[in-house]
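Here is what each chain is made of, one letter per residue.
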Amino acid sequence: SKSPPLFTTGAYASPQPNQQEPIEDVFETPLNFYQLLDLESPTTHRKPKSQALHNRKKRSNFRSRITNDQIKKAYRKQAQLYHPDKLAARRKRLHEATNSTNDYSSDDAKTSKESLKHDPLANMTIEEATSRFAQIAEAYQVLSDPVQRYEYDWELLEMEDEWEEERLLMEEERREKEKHQQ
């Protein structure tokens, strides 16, 4: 049986402060399965002031401490959130809440209606939800298998280092351009 690809690309890159043009638009970054399952944030492995990437050992140690139980729990949470059928039910509740003629007889009804209006997933299409659900399933499949996880972690560290080098080069080029324009 053929193993799934360890990397797909996506817009899950770390945010870069004080930049006019986001680096993510210039080149694609790897889809980080740990971020996809909400086990780490885009800034988890960045130094607070410089936004530079922590060294490989710190990143590797952080990820190796994530247990299979944590991965399974995160997978179930994300899978429920992005399941296409759940999305349809969420949309139905939103439609019912916005079309109800109830004049908010209780605070709970008002709170429920407001939370549904501000649900960012309510505007997601079924295709987007299906795609995201498939990515979440792939992430779980890779991270729950020790051999695939080891390979994925190693390749992720390599790709993060390459991306960081490119990011630093682009920042330096941008600073040089600004310097020459002044």
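A brief look at the structure comes next. Not measured: the values here are computed from a predicted model.

Thresholds, definitions, all that
- Residues numbered from 1 in each chain as written.
- Predicted model: local features only at pLDDT ≥ 70, side-chain atom pairs only at ≥ 80, totals over all residues.
- Heavy atoms only, no water.
- Helix = DSSP H or I, 4+ residues; strand = E, 2+ residues; numbered from the N terminus.
- Buried < 20%, exposed > 50% of the residue type's maximum accessible area, 1.4 Å probe, protein only.
- Contact = heavy atoms within 4.5 Å.
- Areas by Shrake-Rupley, 256 points an atom, 1.4 Å probe, with all protein chains shown as cover.
- Expected span 1.5 Å × (residues − 1).
- Phe/Tyr/Trp six-rings, centres within 6.5 Å; stacked < 30°, edge-to-face > 60°.
- Lys NZ or Arg CZ within 6 Å of the ring centre and 35° of its normal.
- Core = buried A, V, L, I, M, F, W, Y, C linked by side-chain atoms within 4.5 Å.
- Axes fitted to C-alpha atoms, helices over the stretch in contact; angles between N-to-C directions.
- Parallel < 35°, antiparallel > 145°, perpendicular 65-115°, else oblique.
- Nonpolar A, V, L, I, M, F, W, Y, C, P; charged D, E, K, R; others polar.

Assigned secondary structure in the protein consists of seven helices and two strands. For the protein, the α and β elements follow one another from N to C terminus as β-β-α-α-α-α-α-α-α. Expressed as a percentage of the 182 residues in the protein, the buried residues total 36%. Summarising the internal contacts of the protein: among those between residues at least 6 apart in sequence, 72% fall at separations of at least 24. Carbon together with sulfur atoms contributes 50% to the accessible area of the protein, which is approximately 12,100 Å² in total.

Over its 19 residues, helix H6 (residues 126-144) extends 26 Å from the first C-alpha to the last, a length consistent with the 27 Å expected when each residue adds 1.5 Å. Looking only at H6, the buried set comprises Ala129, Arg132, Gln135, Ile136, Glu138, Ala139, Val142 and Leu143. If you follow the buried residues of H6, they end up packed against helix H1 (33-36), helix H3 (68-82), helix H4 (84-99) and helix H7 (146-181).

Quick look at the packing of aromatic side chains now. Pairs of aromatic rings are described using the distance from one ring centre to the other and the angle between the two planes. Within this structure, the stated rule accounts for three aromatic pairs. Between the aromatic rings of Phe33 and Tyr152, the centroid separation amounts to 4.8 Å while the plane-to-plane angle is 10°, which identifies the pairing as stacked. Here Phe33, found in helix H1, pairs with Tyr152, found in helix H7; they are 119 residues apart in sequence, far enough to count as distant. For the pair Phe33 and Tyr152, a shared accessibility class is recorded, and that class is buried. Members of the aromatic cluster, joined through ring pairs, are Phe33, Tyr34 and Tyr152. The positively charged end of Arg132 is found above the aromatic ring belonging to Tyr82, 4.6 Å away from the centroid.

We now examine the nonpolar core. Formed by 20 residues in total, the largest nonpolar core has its most connected members in Phe33, Tyr34, Leu37, Leu39, Leu143 and Tyr152. Tallying contributions element by element places H6 first for this core, with five residues. Beyond its immediate sequence surroundings of up to four residues, Leu143 is in contact with Phe33, Tyr34, Leu37, Asn68, Ile71, Arg149 and Tyr152.

Before going further, it helps to spend a moment on the packing of H3 against H6. Any two packed helices are characterised by how steeply their axes cross, that is the angle between the axes, and by the distance between the axes. Two elements in contact, H3 and H6, have axes separated by 9 Å at closest approach and are oriented at 170°. It follows from the interaxial angle that H3 and H6 lie roughly antiparallel. Along the contact surface, H3 presents Asn68, Ile71, Lys72, Tyr75, Gln78, Ala79 and Tyr82, while H6 presents Ala129, Arg132, Phe133, Ile136, Ala137, Tyr140, Leu143 and Ser144. Across the contact of H3 with H6, the residue classes break down as 10 nonpolar, three polar and two charged.

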